[in-house]
Amino acid sequence: MPDQSKPFLPDHTVAFLSDPYRFIGERCRAETCDVFETRLLFKRTLCLSGPEAAALFYDLNRFQRQDAAPEPVRATLFGKGGVQGLDDAAHRQRKALFMRLTHGDALQGLLAHAADAWRECADEWLVLGEELVFYDAMRTLLTRAACRWAGLPQTEGDWPERTRQLSALFDEAAAPGLGHVRARMARGEAETWLAGLIEDARAGRTDLPEDCATWAVAWHRDADDALMPPRIAAVELLNLLRPTVAVSVYLVFLVHALALHPQYRAPLVAGDSVLADAFIQEVRRWYPFFPAVAARVRHDFLWQGQFFREGRRVMLDLYGTNHDPRSWADPEAFLPERFLSQTPTPFNFIPQGGAEAAGNHRCPGEAITVALMHQAMQMLLQHLEYEVTTQNLALDYSRLPALPREPLCIRVNTVRF
């Protein structure tokens with residue numbers, strides 16, 4: 001098969017990092033294509049966007065995840081040796097652990113801890129009577145919930161440090177300079193802490209409840225029937241804790257959307273559960289959560305006139321696919337009603353990946369995200385009276401994760417539990 005790659009390609013890393021959510025999609029639309037080749041981090045990279053491209057990307061016969069994510073991402077966000085970089089039987093066996101811990105009774109346990117954290121934090125916010133940086137508040141709240149759910153021994157004084165560590169893994173992973181260094185350091189600290197705890201649990205020096213996430217990770221056996229090395233087990237435990245705390249980004253988006261679209265507030269306060277689900281799904285579609293995911297080509301093939309060489313890195317545009325006008329009418333408008341009449345597919349609605357979670361690479365934490373968003377909506381609309389005090393709510397699309405340029409602040413006036 002002839003290689004149709006261009007002999008020279010300029011590096012577009014700076015352009016991508018300056019607008020990571022829109023770089024791929026805007027270029028695809030400008031060139032009327034679903035795929036183009038460029039250089040990112042000095043490596044040839046194929047960029048994909050759109051539902052057909054997503055269906056291609058999640059073809060396990062054509063793409064693999066081993067060593068697909070750039071090293072800075074593996075060193076901070078994902079961790080090295082984690083489920084995101086596994087393929088085939090190894091991936092299926094490891095993924096089964098995550099599916100058990102993000103659904104059913106395990107999910108209900110997390111929600112119970114999160115409800116407790118909401119009650120505790122809301123009382124603290126009311127006593128303070130001050131403006132609250134909502135993103136900071138949600139990261140603290142979800143760190144409490146996630147660590148308790150995981151069965152991690154904590155004292156009240158531990159929360160600031162644990163919040164800092166877990167937040168840095170996603171909030172500063174793509175930050176320039178010292179921010180990225182802090183993320184790497186937080187990764188090392190957190191892995192050392194959790195690997196030691198898992199070693200102690202296996203040696204009988206620490207008792208863990210058998211229904212907690214840390215116990216399940218400590219005693220999980222991989223496809224070779226061996227326990228994970230303690231450091232890898234720590235990586236996977238962080239792959240449960242970090243995404244749970246990262247839902248704080250979606251909770252900021254939830255409050256942001258309620259502030260910008262107040263016409264939905266009355267029916268949501270009245271308990272319209274169908275609209276609540278549609279509203280949450282539109283938040284997940286419209287807002288910029290994670291820009292892209294990566295894979296590597298397994299075998300040479302040709303698609304839409306583009307040659308895919310074995311081993312080449314490929315990036316799928318999540319944000320652009322969620323805004324693709326071929327799938328979504330008026331995609332730049334925030335319209336929860338679209339989810340009342342339109343059933344999304346596994347490839348045109350991919351805020352946390354495409355295909356299906358159990359046997360492919362869609363995020364298993366999607367159920368946790370949606371459940372925590374529903375819980376937060378109930379807390380905000382049924383149990384709190386608050387006002388948004390921030391005036392400039394414009395989003396910063398150059399930031400990873402994207403957030404309002406001016407921190408979104410609220411003042412809690414009443415708490416009802």
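Whatever comes next refers back to the structure up there.
All of the points below concern the structure found in this document. (Residues numbered from 1 in each chain as written. Predicted model: local features only at pLDDT ≥ 70, side-chain atom pairs only at ≥ 80, totals over all residues. Heavy atoms only, no water.)

## Some words on the side chain of Asp-324
Then step 1. Within the secondary structure, Asp-324 sits in the loop between helix H14 (318-322) and helix H15 (338-341).
Then step 2. Asp-324 sits in the buried class, given a relative accessible area of 4%.
Then step 3. The contacts of Asp-324, once residues within four sequence positions are left out, are Arg-29, Gly-50 and Pro-51. (Helix = DSSP H or I, 4+ residues; strand = E, 2+ residues; numbered from the N terminus. Buried < 20%, exposed > 50% of the residue type's maximum accessible area, 1.4 Å probe, protein only. Contact = heavy atoms within 4.5 Å.)

## Description of the sheet that holds strand S4 (residues 132-133)
Then step 1. Reading across from one edge, S4-S12-S9 is the order of the three strands in this open sheet, with antiparallel pairing throughout. Whereas interior strands pair on both sides, the edge strands pair on one side only; in this sheet they are S4 and strand S9 (384-388).
Then step 2. Contacting S9 and strand S12 (409-415), helix H16 (residues 366-383) crosses the sheet at an angle of about 95° to S9. (Pairing = 2+ DSSP bridges. Axes fitted to C-alpha atoms, helices over the stretch in contact; angles between N-to-C directions.)

## Observations concerning the nonpolar core
Then step 1. Counting residues in each nonpolar core, the largest one holds 102 residues, and the members touching the most others are Trp-125, Phe-279 and Val-283.
Then step 2. Setting aside chain neighbours within four positions, we find Val-283 in contact with Tyr-250, Phe-253, Leu-254, Ala-257, Phe-334 and Met-373.
Then step 3. Among the nonpolar cores identified, the runner-up in size contains 19 residues, and Leu-48, Ala-53, Phe-308 and Ala-355 belong to it. (Core = buried A, V, L, I, M, F, W, Y, C linked by side-chain atoms within 4.5 Å.)

## Details of empty space enclosed by the protein
Then step 1. Applying the stated criterion to the full structure yields one cavity of 30 Å³ or more.
Then step 2. For the largest cavity, the calculated volume is near 40 Å³.
Then step 3. For the largest cavity, the full set of lining residues is Tyr-21, Tyr-250, Arg-284, Tyr-287, Pro-288, Phe-289, Phe-290, Tyr-319, Asn-322 and Pro-351.
Then step 4. Across the lining of the largest cavity, the residue classes tally to eight nonpolar, one polar and one charged. (1 Å grid on protein atoms, 1.4 Å probe; cavity = no way out; pocket = protein on both sides within 12 Å on 5 of 7 lines; lining within 4 Å. Points joined across faces, edges and corners; volume = space filled by probe spheres on them. Nonpolar A, V, L, I, M, F, W, Y, C, P; charged D, E, K, R; others polar.)

## Concerning the state of the cysteines
Then step 1. What the rule picks out here adds up to zero disulfides.
Then step 2. The cysteine Cys-363 is free of any disulfide, with Cys-147 supplying the nearest cysteine sulfur at 18 Å.
Then step 3. Residue class for Cys-363 comes out partly exposed when judged on its relative accessible area of 25%. (Disulfide = S-S within 2.5 Å.)

## Observations regarding the pattern of salt bridges
Then step 1. Tallying each qualifying case throughout the model produces 30 salt bridges.
Then step 2. Between Arg-362 and Glu-366 there is a salt bridge; the shortest N-O distance is 2.7 Å.
Then step 3. Of the residues examined, Arg-362 reaches a relative accessible area of 9% and is grouped as buried.
Then step 4. Note on Glu-366: relative accessible area 14%, which makes it buried.
Then step 5. Beyond isolated ion pairs, a larger network of salt bridges with shared partners links Glu-120, Glu-124, Arg-144 and Arg-148. (Salt bridge = Lys/Arg side-chain N within 4 Å of Asp/Glu carboxyl O.)

## Topic: the packing of aromatic side chains
Then step 1. Inspection of the entire model under this criterion finds 23 aromatic pairs.
Then step 2. Ring centres of Tyr-287 and Phe-334 lie 6.3 Å apart, and the angle between their planes is 75°; on these two criteria the pair is classed as edge-to-face. Here Tyr-287, found in the loop between helix H13 (273-286) and strand S5 (292-297), pairs with Phe-334, found in the loop between H14 and H15; they are 47 residues apart in sequence, far enough to count as distant.
Then step 3. Residue classification places Tyr-287 among the buried positions, given a relative accessible area of 2%.
Then step 4. Given the relative accessible area of 7%, Phe-334 is considered buried.
Then step 5. Considering the side-chain rings of Tyr-319 and Tyr-397, the 6.1 Å spacing of their centres and the 65° angle between planes classify their relative orientation as edge-to-face. Residue Tyr-319 is located in helix H14, and its partner Tyr-397 is located in the loop between strand S10 (395-396) and strand S11 (403-404); the two are separated by 78 residues in the primary sequence. (Phe/Tyr/Trp six-rings, centres within 6.5 Å; stacked < 30°, edge-to-face > 60°.)

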